[in-house]
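Okay, here's what each chain looks like letter by letter:
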Amino acid sequence: MNYHINDLPERTVKPRNSGLTMVMDKGLSLRQAEDFIEVGGEYTDLIKLGWATSYVTPKLDEKLSLYREAGIPVYFGGTLFEAMIVRGQFDDYRRILDKYKLQHAEVSDGSITIEHDEKCEYIRKLSEQVTVISEVGSKDVQKIFAPYKWIKLMTAEIEAGSWKVIAEARESGNVGIYRDSGEVRQGLVDEILTQIPEESIIWEAPQKAQQVWFIKLIGANVSLGNIAPADVIPVETLRLGIRSDTFEHFLKG
Amino acid sequence: MNYHINDLPERTVKPRNSGLTMVMDKGLSLRQAEDFIEVGGEYTDLIKLGWATSYVTPKLDEKLSLYREAGIPVYFGGTLFEAMIVRGQFDDYRRILDKYKLQHAEVSDGSITIEHDEKCEYIRKLSEQVTVISEVGSKDVQKIFAPYKWIKLMTAEIEAGSWKVIAEARESGNVGIYRDSGEVRQGLVDEILTQIPEESIIWEAPQKAQQVWFIKLIGANVSLGNIAPADVIPVETLRLGIRSDTFEHFLKG
Amino acid sequence: MNYHINDLPERTVKPRNSGLTMVMDKGLSLRQAEDFIEVGGEYTDLIKLGWATSYVTPKLDEKLSLYREAGIPVYFGGTLFEAMIVRGQFDDYRRILDKYKLQHAEVSDGSITIEHDEKCEYIRKLSEQVTVISEVGSKDVQKIFAPYKWIKLMTAEIEAGSWKVIAEARESGNVGIYRDSGEVRQGLVDEILTQIPEESIIWEAPQKAQQVWFIKLIGANVSLGNIAPADVIPVETLRLGIRSDTFEHFLKG
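Source: prediction; values computed, not measured. (Residues numbered from 1 in each chain as written. Chains lettered and ligands numbered in written order. Predicted model: local features only at pLDDT ≥ 70, side-chain atom pairs only at ≥ 80, totals over all residues. Heavy atoms only, no water.)

## With respect to the sheet that holds strand β2 (residues 46–49) of chain A
Residue and element names in this part refer to chain A.
Part 1 of the argument: The strand order across the open sheet formed by eight strands is β3-β2-β1-β8-β7-β6-β5-β4, and the pairing between neighbours is parallel. With partners counted over all chains shown, the strands left at the sheet margins are β3 (74–76) and β4 (104–107), one partner each. Pairwise comparison of adjacent strand axes, ignoring direction, gives a mean angle of 25° for this sheet.
Part 2 of the argument: Against the sheet, helix α3 (residues 60–69) contacts β1 (21–25), β2 and β3, and its axis sits at roughly 170° relative to β2. (Pairing = 2+ DSSP bridges. Helix = DSSP H or I, 4+ residues; strand = E, 2+ residues; numbered from the N terminus. Axes fitted to C-alpha atoms, helices over the stretch in contact; angles between N-to-C directions. Contact = heavy atoms within 4.5 Å.)

The following block contains the structure:
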């Protein structure tokens, strides 16, 4: 850090198992990726190339090299997995992971409907090849699961081999663990945390109010996902209680 | 594309007559313009330097050269045309187009009130010098035209020489073809499409929900405008049905 | 300017005492800072490194050098001052200002509660070291001051040595002089202006509607703060009446 401030909450350091920040890159240029690494590299634990943006983004190889050299694991968004599964291209998908030397992959069912056993089977198979992150929750605002269901799904996916489970929110932050309005479904989150170890979950929290909410609930070292590249520094200050939204919270703590 | 996904909708290629993406640059630096070209150049058919930002943007000549070398036509936003017309500077305006070697110009009346005959006269005159894009619809939320009026205006402007007509939405996407809330005026759009050839219209659609709406209505190759530079990749995935919002739509198709 | 438009409002030039634009940098990389200077440097009078982002931003020294070479004064956000005051680190804070060769500092009490006399004492002390900008208004949506209170606080802070007083709005623009919704508290602003010289106030106005409101009320040369780097060009066009929102206003004027 650039100078000393007394009594700040302690942050985990890389390689982090909790307190992760997962950033969504939805089409940065090479130079923009370098800029992001310069500023946010130390605070970023995972980069998701949002949904299937990797399909159309130029210079993908070079971008993956940049992130690899910076020591930040990258994975393709779950919607790409789903787009290929639904077209019967699972083997192609595995080859793409190899071709791009990816060490992580996301398994999700936000846009497709598959049996949960089948989803877990994909998690099992991909776990032999890469580190799997799986996502629970639909991208459809109509599909709302009861808390016991979230817990059941998360438990099964962790048992099937998922390193972390992601609680779905989309880029916009208004489905899954959030209401339409973007507000957190607090009872749901509380209940999930009674059964699933906190460090196994990455909460998608693209909006500031959501980041604040989770930091206040779980602490500086909550794992947050779908953070915009330009928001990594702001999120880090929220975790440390040096932005007004969490200022008082950490003084009391 | 970086790998193969089966059964995606076919996209038109450059030079496109339909399926255009028009991007709004409201003050990129030279390096930012280069970054945008690297990522979005292939997917971008037109660049608008928003309203009169070209008046105050430094290094305008160099920026125009960058876009010219990338083969992407640029034009100045219609508000500049209007600011000069209302000050009796039409001849100055024509000289500016020449000075900056522009091949395209926008004629609009979103902020001024002129007779439609006069507007068409400007379209006719400018058509002798450049390719004209004309914009229909007021930037004033109070001024709501009936569908027959939209059709009449668009028809006259195309006859006067407009290459494409743009359906106004502003950068914010809450006027013209949209309600205050940003929601599309669906009946209006349906009625326009009964009379005006789809490929003659560029729909300003700065918000994701609006892009999704037009892609679902018209298809992968609808022409969309006022796209932010960072949204060109996301828009391309929407067109291809590889983002959740249009995922199911194109599976069914 | 790149070409000539007749009858535009006259803008003050650097070094400006009114018509200032204060930009918030919340974590730009060095290259992004250069890009911002290229485009917005001429139009930017002050840069705030938002709240305590300077604590976690890499290459802080190099960034400050860039801004120094561009001739744009920089200061650290008031929340950093508050974070150190509340921890009894005022002397450390003064040393940090020296270490980074800052010529400006912000004194605020948006997140802490201190007696106003004490705040003015900090303004007095820091005024001996740097140019002080002080901020009035809480970041807490619950804390709403009556107009006479705003005037009393601003007057005392100017007397204590503040060069300018800032009317609080946060990055989001929904507290202090704004309602929850982001709408301006018009009666409050009118009343403040009866007592405080207009050129002593910087109005935080991160949202376009707020910028438009103040430009219409006070004119092209109102001082605006918390402007995003990418919005400097758009704000300049609003000041000149060459964007639709203020187009008609300046024609009439």
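That was the structure; now back to the text.
## Digging into the interface of chain A and chain B
Part 1 of the argument: The interface of chain A with chain B comprises 34 residues on the first partner and 27 residues on the second.
Part 2 of the argument: The junction of chain A with chain B conceals about 2,800 Å² of combined surface from both sides, 56% of it contributed by carbon and sulfur atoms.
Part 3 of the argument: Our enumeration of links across chain A and chain B arrives at three salt bridges.
Part 4 of the argument: Close ionic contact of R31 of chain A with E34 of chain B constitutes a salt bridge, the shortest N to O distance being 2.7 Å.
Part 5 of the argument: At the junction of chain A and chain B, the tally comes to 17 residue pairs in polar contact (both at pLDDT 80 or more).
Part 6 of the argument: When contributions to the side of chain A that touches chain B are tallied by element, the ones reaching two or more residues are α1 (30–40), α2 (53–56), α4 (78–85) and α5 (90–99) of chain A.
Part 7 of the argument: Per-element accounting of the side of chain A that touches chain B gives the leading share, five residues, to α4 of chain A.
Part 8 of the argument: Counted by class, the side of chain A that touches chain B contains 16 nonpolar, nine polar and nine charged residues. (Buried area = accessible area lost by both parts, 1.4 Å probe. Salt bridge = Lys/Arg side-chain N within 4 Å of Asp/Glu carboxyl O. Polar contact = N/O pair within 3.5 Å; in protein donor to acceptor, adjacent residues only side chain to side chain. Nonpolar A, V, L, I, M, F, W, Y, C, P; charged D, E, K, R; others polar.)

## Description of the nonpolar core
Part 1 of the argument: Counting 237 residues, the largest nonpolar core has W203 and F214 of chain A, W203 and F214 of chain B together with W203 and F214 of chain C as its most contacted members.
Part 2 of the argument: If we skip the residues at most four places from it in the chain, W203 of chain B touches A167, I177, V189, I192, L193, E198, F214, I218, V222, S223, L224 and G225 of chain B. (Core = buried A, V, L, I, M, F, W, Y, C linked by side-chain atoms within 4.5 Å. Buried < 20%, exposed > 50% of the residue type's maximum accessible area, 1.4 Å probe, protein only.)

## Comments concerning the relation of the copies chain A and chain C
Part 1 of the argument: With an RMSD of 0.0 Å, the operation that places chain A on chain C is a rotation of 120° combined with a shift of 0.0 Å along the axis. The operation mapping one copy onto its partner corresponds to a three-fold rotation axis.
Part 2 of the argument: The two copies present different faces, since only 4% of the interface residues in chain A are matched by interface residues at the equivalent positions in chain C. (Least-squares fit on C-alpha atoms with pLDDT ≥ 70 in both.)

## Concerning the environment of G41 of chain B
Residues and elements named next belong to chain B.
Part 1 of the argument: For G41, the position within the fold is in the loop between α1 (30–40) and β2 (46–49).
Part 2 of the argument: Placed 181 residues apart in sequence, G41 and V222 show a C-alpha to C-alpha distance of 18 Å.
Part 3 of the argument: Filtering out sequence-adjacent residues up to four positions away, G41 remains in contact with K14, F36 and I72.

## A closer look at the interface of chain A and chain C
Part 1 of the argument: With 27 residues of chain A at the contact, the number on the chain C side is 34 residues.
Part 2 of the argument: Contact between chain A and chain C buries roughly 2,900 Å² in total, counting both sides, with carbon and sulfur atoms accounting for 56%.
Part 3 of the argument: It is N2, Y3 and F247 of chain A in chain A that bury the most area against chain C; as a group they hold 26% of the surface buried on that side.
Part 4 of the argument: In this assembly, chain A and chain C are joined by three salt bridges.

## Re the side chain of D245 of chain C
Part 1 of the argument: By secondary structure assignment, the location of D245 of chain C is in helix α11 (residues 244–252).
Part 2 of the argument: Residues contacting D245 of chain C, with those up to four places away along its chain left out, are R170 of chain B together with K208, V212, K216 and L238 of chain C.

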